Amino acid sequence: MIPVLCINDSSINLFVQKKLLLQSGITDNVITVADGQEALDYYSRFKDLPSFEYPRLILLDIHMPRVDGWEFLDKFSELYLSSFDETRVIVNSFTVDENEINKAKNYPLIIDFVTTQLTTEYFRQLELPGSKEMIPGMESAGTHQ
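Definitions and cut-offs
Residues numbered from 1 in each chain as written. Predicted model: local features only at pLDDT ≥ 70, side-chain atom pairs only at ≥ 80, totals over all residues. Heavy atoms only, no water. Salt bridge = Lys/Arg side-chain N within 4 Å of Asp/Glu carboxyl O. Buried < 20%, exposed > 50% of the residue type's maximum accessible area, 1.4 Å probe, protein only. Helix = DSSP H or I, 4+ residues; strand = E, 2+ residues; numbered from the N terminus. Pairing = 2+ DSSP bridges. Right-handed = clockwise from strand over helix to strand, strands pointing away. Lys, Arg positive; Asp, Glu negative; His and termini not counted. Contact = heavy atoms within 4.5 Å. Expected span 1.5 Å × (residues − 1). Arc of directions from axis to C-beta.

(A) Structural detail: the pattern of salt bridges. The tally for this structure, following the rule as stated, stands at three salt bridges. Glu53 is paired through a salt bridge with Arg56; the nearest N and O atoms lie 3.6 Å apart. Judged by relative accessible area, which is 31%, Glu53 ranks as partly exposed. The buried category is assigned to Arg56, whose relative accessible area is 10%. Across the pair Arg56 and Glu86 runs a salt bridge whose closest N-O atoms are separated by 2.9 Å. Residue Arg56 is found in the loop between helix 2 (36-46) and strand 3 (57-60), and its partner Glu86 is found in the loop between helix 3 (69-79) and strand 4 (88-92); the two are separated by 30 residues along the sequence.

(B) Structural context of the pairing of strand 2 (residues 30-33). As paired elements, strand 1 (residues 4-7) and strand 2 share four bridges and run parallel to each other. Bridge pairing links Val4 to Val30 in strand 2. For the handedness criterion, the β-α-β arrangement of strand 1, helix 1 (residues 11-24) and strand 2 is classed as right-handed.

(C) Structural detail: the pairing of strand 3. Across the two faces of strand 3 the burial is the same, with Leu57 and Leu59 and Ile58 and Leu60 all buried. Where strand 1 and strand 3 come together, four bridges link them in parallel fashion. By the bridge assignment, Ile7 is partnered in strand 3 with Leu60. For strand 3 and strand 4, the ladder comprises four bridges, and the chain directions are parallel. For Leu59, the partnering residue across the bridge sits in strand 4 and is Ile90. Crossover connection from strand 3 via helix 3 to parallel strand 4: handedness right-handed.

(D) Up close: the side chain of Glu100. Structurally, Glu100 can be placed in helix 4 (residues 98-104). No salt bridge is formed by the buried Glu100; its nearest oppositely charged neighbour, Lys103, is found at 7.1 Å. The contacts of Glu100, once residues within four sequence positions are left out, are Ile62, His63, Trp70, Thr95 and Phe113.

(E) Main features of helix 1. Compared with an ideal rise of 1.5 Å per residue, which puts 14 residues at 20 Å, helix 1 spans 20 Å between its outermost C-alpha atoms and is within 8% of the ideal. Restricting attention to buried positions, one finds in helix 1 the residues Leu14, Gln17, Leu20, Leu21 and Ser24. Buried residues along helix 1 cover an arc of 135 degrees about the axis, so they all sit on one side. Summarising the geometry of helix 1, the exposed residues directed more than 90 degrees from the buried face are Ser11, Ile12 and Phe15. Contact partners of the buried residues in helix 1: strand 1, strand 2, strand 3, strand 4 and helix 5 (120-124). Just beyond helix 1, the residue with positive phi is Gly25, at close to 85 degrees.

Here it is in structure tokens:
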């Protein structure tokens, strides 16, 4: 099982995401942080550790204080993606702003932009790189509403 990183400024959303991820069976290790800066700090501690079992999946909120989701994606791509190259991101934002949904298409590491509540079934259908047990079902990335 792979670790999963949840980045969200809502403690309620973090609680729900962690519970769903654990219930889905895709992970037994969920790391939670309150904003993009905390996530960047997390990755900076492990960048040079070759055996580090890093999160292959990030659940990312877009609208957060300090460092928002877009800033996180830009800085992560610049500073850490080469070290954590199997990382994939699911944006989970309840926005209906088409500009943001279209902007997400410019980031190759984003595999989905989900504008509804995530479910255990959704997670069970994911196929993620670096997972020892691939989870069948997700044929292509796209907007999930």
